[in-house]
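What the coordinates show
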Amino acid sequence: MSPATGQPVTIVSSVVQKYAETAGGLLPCLHEIQAKLGHIPKDCVAIIASGMGLSRAEVHGVISFYHDFHNEPRGQTTIHLCRAEACQAMGSRKLEEHVKSRLGVEFGGTTADGRFSLEPVYCLGNCACPPSIRIGDNVFARVDAARFDRLLKEV
Amino acid sequence: MVKVFIPSDTTACALGADEVAAEIALHSEQRGLQVEIVRNGSRGAFWLEPLVEIDSHLGRIAFGPVGVNDVFDLFESGFPEPCEHPTYMGKVADIGWLKYQSRLTFARAGMTDPLSLDDYRQHDGYSGLMRALTMSPADIVEEITASGLRGRGGAAFPTGIKWRTVLDTAAEQKYVAANADEGDSGTFADRLLMEADPYQLIEGMTICAMAVGATEGFIYLRSEYPRALHALKQAISNAADANLLGNDIGGSGRHFDIQVRVGAGAYICGEETSMLESLEGKRGLVRFKPPLPAIEGLFGQPTVVNNVLTLAGVSTVLAKGADYYRDYGTGRSRGTLTVQLAGNVRYGGLVELPFGVSLRDLVEEFGGGTATGRPVHAIQVGGPLGAYLPESQWDTPMDYEAFAAAGAMLGHGGVVVFDDSVDMAQQAQFAMEFCALESCGKCTPCRIGSVRGVELIDKIRQNDNRQGNLDLLDELCETMESGSLCAMGGLTPMPVRSALKHFNQAFEAGQGNEKHD
Ligand SMILES: Cc1cc2nc3c(=O)[nH]c(=O)nc-3n(C[C@H](O)[C@H](O)[C@H](O)COP(=O)(O)O)c2cc1C
Ligand code: SF4
């Protein structure tokens, strides 16, 4: 998720151009913008809308419907902590408290140094070896407080 | 040259398989050993991951679980030959946990390099499609109907009937949409299949396309599965290069393409009409039915929506014949059930068995009880909308009808085990909370009712007007059940009611969190 170089507007325009003719292309378009810029800047919604032949309300509606999409800048790395049942069965509620206090943020928040954003996730498909977290694109199994602290140091 | 297999599966890697692979490569090189490392799929015995296998004169030999710190010692003991070591498991074929399963859909998982088409074909892959290409569309549909295959996504709808509808609906354009949204906590079978044996899904979709006359396919994959995305993209590209997708499939002159579309973190997009909206680039609002997606689906065209495992099952049915498949199972639940043992369980992972095994046998015999060593207290089956079953119900045979009769559901086969430290009132509250978070917002009983449900259970847990609020909760559940458009709002009461009914002590004054850590 390293932000690409160049003006956000230029980047957004070129991504939009790529998907303009794709049927149902808005989701892949938004995913790619977010992968490149780390978030979907609010002032780019108009460019996306006109390029994709949609209204601004439609684009905004889609961005706000899906948990993955963000309008605000994010930390360099996103940490997803699983809150769902299989992880609860192995103490994820306790892990959640630890992670929040260790990072000093609530869900949706970004650490003061801008390194990490913390998000809840409902299942990572690692349910036989919980609790699970995802750091960037890597999933980690059987995470307790000590393992979390170690993983954080290695990022 | 010795072949060493180290899974590339998400769970295996979450337990360190990548590091183990790197360490084994390093040691082999340092020792000048001729070793070929194959990143296979996982066999789904996650309690043994990272499970390292070697090809030896005795057949496939397993070591597990292997940590990075075991690797030096392993080589000192004689690895990569069969050798004495605490992680030595003997022949893979003799591991009871695997041996006593009936692997149809997951027969290849862990055996092969997931991306190798040669491996796939050597293990019976694409024989189903080759057969389908010699059959008429109606005959393929008939074969699926005769197999008794029912949808594995949760609703257990007969697959043959769905396909028949799409086949019989005339249209210029038809679609096949594979539902790979796998949102239920406690499930990972779709992920495992896509990472370990992606061609099986691709083959199943292609057979479906030949049967109903579709030319375009989509796989709607949740964004939480980056490794599956990588495997699918590569497999699709390899299949296209081998003329197994594209303009002239297997020289038949038939055309079919597949694209992967990634979801964006919305549980409701697993519901089929919400998924179609999302594929169209919209908010995932659930559609009214009718029209059925089979008649007016993606972009208004006839569309088969099937779960990943359903489509994978199609490959088996065509390869081995409807009768072969039908011979597994019981009553109206035919074939195999893929149970995912999850949560607080000692030997967690994927267990594929004919329908009809009891929950108790699964959790005790395969699962080995809890990971924490405490007594099993509650088992949630079928995901976040499924019931919590108390011990008195663990002898229920795992088939669709028996579970429905017990006020529960099999769903996608997720089995989440809880020990006696669980606070069942808190679990009931979470069910409502999850519904509030993930509701698409289209209907009031679901959108508002779930928020009210959280508040009510909170009050009950705090002993605030207990009886009055319990009565209100009961009414609220009824409203959600009868007034919701889809099963999100309609089934959220199932875990809540099962907790109230079978674990009512948890809702009594002063029970709360005391046991919970
Ligand atoms: C809230 C909700 C979530 C669902 N999530 C999934 C899912 O993640 N994967 C899936 O295959 N089916 C899911 N379903 C079921 C689908 O609506 C649909 O029945 C299924 O994809 C059809 O395929 P099948 O006949 O092969 O099971 C969900 C249903 C509901 C109501
Ligand atoms: S029940 Fe809930 S998720 Fe389903 S359509 Fe209604 S509001 Fe949407």
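Residues numbered from 1 in each chain as written. Chains lettered and ligands numbered in written order. Predicted model: local features only at pLDDT ≥ 70, side-chain atom pairs only at ≥ 80, totals over all residues. Heavy atoms only, no water.

1. Section: the site of ligand 2
- Close to ligand 2 lie 13 residues, the nearest being C440, K442, C443, C446 and C486 of chain B.
- Using a 2 Å cut-off from the grid points, one finds that ligand 2 occupies the largest cavity. (Near = heavy atom within 4 Å. 1 Å grid on protein atoms, 1.4 Å probe; cavity = no way out; pocket = protein on both sides within 12 Å on 5 of 7 lines; lining within 4 Å. Sits in = over half its atoms within 2 Å of the grid points.)

2. A few points about the domain arrangement of chain B
Residue and element names in this part refer to chain B.
- When cut into domains, chain B gives domain 1 (2-99), domain 2 (117-326), domain 3 (329-419) and domain 4 (424-507).
- The straight-line distance from the C-alpha centre of domain 1 to that of domain 3 is 30 Å.
- Listed by partner, the interface residues are five residues for domain 1 and seven residues for domain 3.
- Both faces combined, the contact of domain 1 with domain 3 buries some 490 Å², and carbon together with sulfur accounts for 66% of it.
- At the surface where domain 1 touches domain 3, the tally comes to zero salt bridges.
- Applying the counting criterion to the domain 1 and domain 3 interface returns four residue pairs in polar contact (both at pLDDT 80 or more).
- Looking at the side of domain 1 that touches domain 3 residue by residue, the class counts come to four nonpolar, one polar and no charged. (Domains from an automatic or database assignment. Contact = heavy atoms within 4.5 Å. Buried area = accessible area lost by both parts, 1.4 Å probe. Salt bridge = Lys/Arg side-chain N within 4 Å of Asp/Glu carboxyl O. Polar contact = N/O pair within 3.5 Å; in protein donor to acceptor, adjacent residues only side chain to side chain. Nonpolar A, V, L, I, M, F, W, Y, C, P; charged D, E, K, R; others polar.)

3. Digging into the site of ligand 1
Residue and element names in this part refer to chain B.
- Neighbouring residues of ligand 1: 18 residues in total, closest G153, E272, N306, N307 and T310.
- Residue G270 places a main-chain N or O atom 3.2 Å away from a nitrogen atom belonging to ligand 1.
- When ligand 1 is considered free in solution it has 610 Å² of accessible area, and contact with the protein chains removes 91% of it.
- Taking a 2 Å distance to the grid points as the criterion, the majority of the atoms of ligand 1 fall inside the second largest pocket.
- The greatest single-element share of the shell around ligand 1, amounting to three residues, is contributed by strand β9 (residues 303-307).
- Among the residues making up the shell around ligand 1, the classes are represented as four nonpolar, eight polar and six charged. (Areas by Shrake-Rupley, 256 points an atom, 1.4 Å probe, with all protein chains shown as cover. Helix = DSSP H or I, 4+ residues; strand = E, 2+ residues; numbered from the N terminus.)

4. Focus: helix α18 (residues 444-461) of chain B
All names here are of chain B.
- The terminal C-alpha atoms of α18, which comprises 18 residues, lie 25 Å apart, in line with the 26 Å expected from a rise of 1.5 Å per residue.
- At S450, α18 shows its maximal kink, close to 30°.
- Three or more residues of α18 are buried, namely P445, C446, G449, S450, G453, L456, I457 and I460.
- Looking at the buried positions of α18, the neighbouring elements they touch are α17 (424-438), α19 (466-483), α20 (487-491) and α21 (493-502).
- Residue N463 follows α18 closely and has a positive phi angle near 60°. (Expected span 1.5 Å × (residues − 1). Bend = angle between axes of the 7 residues up to and from the residue. Buried < 20%, exposed > 50% of the residue type's maximum accessible area, 1.4 Å probe, protein only.)

5. Section: the packing of aromatic side chains
- Considering all chains together, one arrives at 20 aromatic pairs over all chains under this definition.
- Centroid distance F46 of chain B to F188 of chain B: 5.2 Å. Interplanar angle 75°. Geometry classified as edge-to-face. Note that F46 of chain B is positioned in the loop between β2 (35-38) and β3 (52-56) and F188 of chain B in the loop between β6 (175-180) and α9 (189-196), a separation of 142 residues in sequence.
- Judged by relative accessible area, which is 0%, F46 of chain B ranks as buried.
- In this structure F188 of chain B comes out as buried when scored by relative accessible area, which is 0%.
- Three or more aromatic residues joined by ring pairs form one cluster here, namely Y122 of chain A together with Y267, F430 and F434 of chain B.
- Positioned above the aromatic ring of F5 of chain B is the side chain of R60 of chain B, whose terminal nitrogen or guanidinium carbon lies 3.5 Å from the ring centre.
- Taking the ring centre of Y225 of chain B as reference, the NZ or CZ of R222 of chain B above it sits at 4.9 Å. (Phe/Tyr/Trp six-rings, centres within 6.5 Å; stacked < 30°, edge-to-face > 60°. Lys NZ or Arg CZ within 6 Å of the ring centre and 35° of its normal.)

6. Details of the domain arrangement of chain A
- Annotation of chain A at the domain level lists domain 1 (7-65) and domain 2 (77-154).
- Computed over C-alpha atoms only, the centres of domain 1 of chain A and domain 2 of chain A are separated by 29 Å.

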